[in-house]
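Fold and geometry: a report
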Amino acid sequence: ILAESVAAQLFEGLEMRLDYDQLLNKRPGKQDAVFAWHQDMAYWPPREVTPDTRTVTFSLALDATTKANGCLVFLPGSGLEGELRPHVPIGSSRDDSHAIAVQVSDEEYQEHVQAERWCGVWR
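Residues numbered from 1 in each chain as written. Predicted model: local features only at pLDDT ≥ 70, side-chain atom pairs only at ≥ 80, totals over all residues. Heavy atoms only, no water.

Some remarks on the overall build of the chain
A count of helical and extended segments in the chain gives one helix and six strands. Along the chain, helices (α) and strands (β) appear in the sequence α-β-β-β-β-β-β when read from the amino end. Here the chain holds 123 residues, and the buried ones make up 15% of them. When the accessible area of the chain is evaluated, it comes to approximately 10200 Å², of which 53% is carbon and sulfur surface. (Helix = DSSP H or I, 4+ residues; strand = E, 2+ residues; numbered from the N terminus. Buried < 20%, exposed > 50% of the residue type's maximum accessible area, 1.4 Å probe, protein only. Areas by Shrake-Rupley, 256 points an atom, 1.4 Å probe, with all protein chains shown as cover.)

If you want it as structure tokens, here you go:
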């Protein structure tokens, strides 16, 4: 209900519906709880199957998030590139591991989204 309300406020006049929800949690003090660089759309079915790819992603910080404990990080403008960057499975194949990754250059500006506890972030 919270995500639906946020989407309705951001995209007034558009019919929005919840298509997918997911909980990702990082355990405290777990140094290897890192999500590889990726573009969310790389997990979606091809455009032939899902032609309307308009989406809202909402993140809620249950605890304060900082650079030190692994806050959300994104590349400003990367969503406007027009095409997905090449992704590769983190395991030996997508069957072995659902997770995928994309290469990000150290020269690309990375925006860190630090948030106070109970703060919502959308993109």
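Describing the environment of arginine 17
Looking at the secondary structure, you find arginine 17 in the loop between helix H1 (2-10) and strand S1 (58-61). Along the backbone, arginine 17 and histidine 98 are 81 residues apart, and their C-alpha atoms lie at a distance of 25 Å.

Points about a nonpolar patch on the surface
On the surface, Leu2, Leu60 and Leu62 cluster together to form a nonpolar patch covering roughly 270 Å² of accessible area. Tracing the backbone shows leucine 60 in strand S1. A relative accessible area of 38% means that leucine 60 is categorised as partly exposed. (Patch = residues over 30% accessible without salt bridge, like charges linked within 9 Å, V, L, I, M, F, W, Y side chains within 5 Å. Salt bridge = Lys/Arg side-chain N within 4 Å of Asp/Glu carboxyl O.)

Overview of the environment of phenylalanine 11
Mapping phenylalanine 11 onto the fold places it in the loop between H1 and S1. By relative accessible area, which is 29% here, phenylalanine 11 ends up partly exposed. Taking the C-alpha atoms as reference points, phenylalanine 11 and valine 56, separated by 45 residues in sequence, lie 9.6 Å from one another. Apart from residues lying up to four places away in sequence, phenylalanine 11 is in contact with Met16 and Val56. (Contact = heavy atoms within 4.5 Å.)

Description of the side chain of serine 78
Mapped onto the fold, serine 78 is located in the loop between strand S2 (72-74) and strand S3 (87-89). Taking the relative accessible area as the measure of exposure, serine 78 reaches 19% and is therefore buried.

A look at the confidence of the model for the chain
Confidence in the prediction of the chain, expressed as mean pLDDT, is 81, and 95% of residues score 70 or more. Confidence, read as mean pLDDT per element, is least for strand S6 (residues 119-122) in the chain (57) and greatest for strand S4 (residues 100-102) (92). (pLDDT = per-residue confidence, 0-100.)

Structural notes on the pattern of salt bridges
A full pass over the atoms with the stated rule returns two salt bridges. Glutamate 108 is paired through a salt bridge with arginine 85; the nearest N and O atoms lie 2.6 Å apart. Taken together, the residues glutamate 108 in the loop between S4 and strand S5 (111-113) and arginine 85 in the loop between S2 and S3 connect sequence positions 23 residues apart. For glutamate 108, a relative accessible area of 26% corresponds to the partly exposed category. By relative accessible area, arginine 85 is classed as buried at 17%. Here the salt bridges share partners, and the residues they tie into one network are Glu81, Arg85 and Glu108.

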